[in-house]
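Chain and residue survey
Residue strings, one per chain:
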Amino acid sequence: MLQILLLSRQHNREAFYCGEQELDDYLKKTARQHNEKGIARTFVLVDMEEPARILGFFTLAGCEVVATDLPQKYTKKYPNKAPAARLARLAVSVDHQRKGLGGIMMVEAMRRTLSVSGNIGIIGFFVDAKNQGAREYYEQYGFIPLPDNPLTLFLPLAVLAAAVEVLGK
Ligand SMILES: CC(C)(COP(=O)(O)OP(=O)(O)OC[C@H]1O[C@@H](n2cnc3c(N)ncnc32)[C@H](O)[C@@H]1OP(=O)(O)O)[C@@H](O)C(=O)NCCC(=O)NCCS
């Protein structure tokens, strides 16, 4: 059975490899410290039959958005600076990619962000895509590229809520 848990000492970070060094290094060297300091939250996807083995992980954090960076439709809707949530990292182990695990974590990340939005004001969910392929991956969930920086993408709160309603079932 698959489970998503907060990263802890029980998880074998050293064995994780996703093909993107920066992501692997973050998991190995920084993620636990950030969890402890409250800078970000990293969650791991594990199979409970082998619970130490990390199949994938994602990291959530808060961020501040400059409204003029948003697509024109949203620029006037918000004050110049507004709070948001950020999918700071998302990665699946190379031997488990393209099996839907990224999708499982994405839905969980969206669900958790929606839950946060009920308690702290945020205007939506942001992500920085590493490359064009990753950008297309996020676009399929409704993320919109920013006009001047298309590798940063924005999922407005209303779209996020609708996506969780559909995908979360
Ligand atoms: C990108 C990543 C998180 C996707 O997770 P995954 O479990 O492999 O993907 P899923 O099985 O959930 O993907 C479902 C669909 O998304 C699309 N997709 C997946 N990876 C994609 C990619 N790199 N580029 C474009 N589309 C992609 C495909 O349509 C795929 O369906 P298909 O396998 O039937 O073609 C994962 O491949 C990964 O960790 N890659 C290396 C690290 C990385 O690039 N992370 C993103 C950093 S911004």
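Scroll up to find the structure this text is about.
Summarised in this report is the structure supplied together with it. Since the model is a prediction, treat every value here as computed from it, not as a measurement. (Residues numbered from 1 in each chain as written. Predicted model: local features only at pLDDT ≥ 70, side-chain atom pairs only at ≥ 80, totals over all residues.)

Here's the deal with the pairing of strand β5 (residues 124–128)
Along β5, four of the five residues are buried, which leaves the element largely enclosed by surrounding structure. Bridge count for strand β4 (residues 81–92) against β5 is three bridges, and the pairing is parallel. Of the residues in β5, the one forming a bridge with R86 is F126. Following the chain from β4 across helix α3 (residues 101–117) to the adjacent parallel β5, one finds a crossover that is right-handed. With five bridges joining them, β5 and strand β7 (residues 149–156) adopt antiparallel strand pairing. The residue of β7 that forms the bridge with G124 is P156. (Buried ≥ 20, exposed ≤ 12 C-beta atoms within 10 Å, placed from the backbone. Helix = DSSP H or I, 4+ residues; strand = E, 2+ residues; numbered from the N terminus. Pairing = 2+ DSSP bridges. Right-handed = clockwise from strand over helix to strand, strands pointing away.)

Focus on the site of the ligand
Near the ligand lie 20 residues; those nearest to it are Q97, R98, G102, G103 and G133. Breaking the shell around the ligand down by element, the ones donating at least two residues are β4, α3 and α4 (132–139). With four residues, α4 is the single largest residue contributor to the shell around the ligand. (Near = placed C-beta within 6 Å.)

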